[in-house]
Amino acid sequence: MHCFDTLFREFFFDRVTSMQSQRNLFKRLGMRLFSLFLSLVFSLGASSWASEALPVKHAVQIVSFRKHREQRMKIGSHRPHLAHPLVILDAGHGGKDPGVKMGSILEKRLALTTALLIKRALENLGYRVILTRSRDVFLPLSRRVRIANKMEGTLFASIHYNSAPNSDAKGVEVYYTSSPKDKERTKESKHLGNCVLHQMIDQTGMLSRGVKKGNFYVIRETAMPSILIEGGFMTNLQEFSQLKKREFLSKLAQGIASGVDKYLKS
Ligand SMILES: [Zn+2]
């Protein structure tokens, strides 16, 4: 209250002075009003109002950040309705690791040819595609995963061909990893696997062996929805003769690309 007394005295009793003094008086009055406001804020409990006001502002920021992050997580990592999804294709084996060997036909070559055909089909559909290997080189599994994670792929598909001691074994199977720590990625991977398997069967008429759980390094360690495709048995005479034909591989690749497309549009 002291401040009010002083102001009143100065304002009402000293105002009979010259214009210059009046200007000074108004200047002082302004400063006093300002300091009075500050002292009111800090002394009359207005500080609690100020501290409440600040969190409101922060709360708005936090809410909008959370919303943004949730949107990014929803869009970017699992169900990617991104403008330009990035598909990571991983041709199995390579270099010193041939995979399954049937005479002169090696799994590593079949997988790379298939990956290149899928790449073309996906690019025709407007998707961006990165291959972990585009030639006959050995690539450790950790390097394949690093590429996928570093490039922040929307999804990951590893291409392989199967073998079994029983030459009757045939058909296509797709693996995904079940992770209790990341239920959302598990769900999305399984969904991706189903989309791809159905389209492969549609395109080729091959036997479906189903979408299965598999604890393979490349699909376990990648951060995005991931599948490993076993595109048929090289140890089955009928399937092997089909897989050696480029037309057939094209159909298979088209099926995988359509499955990816279906998944991304679901
Ligand atoms: Zn393989």
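Residues numbered from 1 in each chain as written. Predicted model: local features only at pLDDT ≥ 70, side-chain atom pairs only at ≥ 80, totals over all residues. Heavy atoms only, no water.

## A short note on the nonpolar core
If you look at the biggest cluster of nonpolar residues, it comprises 41 residues, and the most contacted ones within it are L122 and I229. At nine residues, helix α9 (residues 246-265) tops the list of elements feeding residues into this core. Filtering out sequence-adjacent residues up to four positions away, L122 remains in contact with V87, L89, Y127, V129, A257 and V260. One finds I88, Y175, I219 and L228 within the second-largest nonpolar core, a separate group that totals 10 residues. (Core = buried A, V, L, I, M, F, W, Y, C linked by side-chain atoms within 4.5 Å. Buried < 20%, exposed > 50% of the residue type's maximum accessible area, 1.4 Å probe, protein only. Helix = DSSP H or I, 4+ residues; strand = E, 2+ residues; numbered from the N terminus. Contact = heavy atoms within 4.5 Å.)

## Examining the pairing of strand β5 (residues 155-162)
In terms of residue burial, β5 counts as a mostly covered element, since eight of its eight residues are buried. Because side chains alternate across β5, one face comprises the buried residues L155, A157, I159 and Y161, and the other comprises F156, S158, H160 and N162, equally buried. Two strands pair when backbone bridges link them, and strand β1 (residues 86-91) and β5 are joined in this way by five bridges, in the parallel orientation. Each residue of the ladder has a partner; that of V87, found in β5, is L155. (Pairing = 2+ DSSP bridges.)

## Thoughts on unusual backbone geometry
Even without a glycine there, the phi angle at H93 is positive, about 65°. Relative to the assigned elements, H93 resides in the loop between β1 and β2 (101-102). Look at E152: it is not a glycine, yet its phi comes out positive at around 50°. Within the secondary structure, E152 is located in the loop between α5 (141-150) and β5.

Honestly, that's just the spatial picture; any functional story needs more than this.
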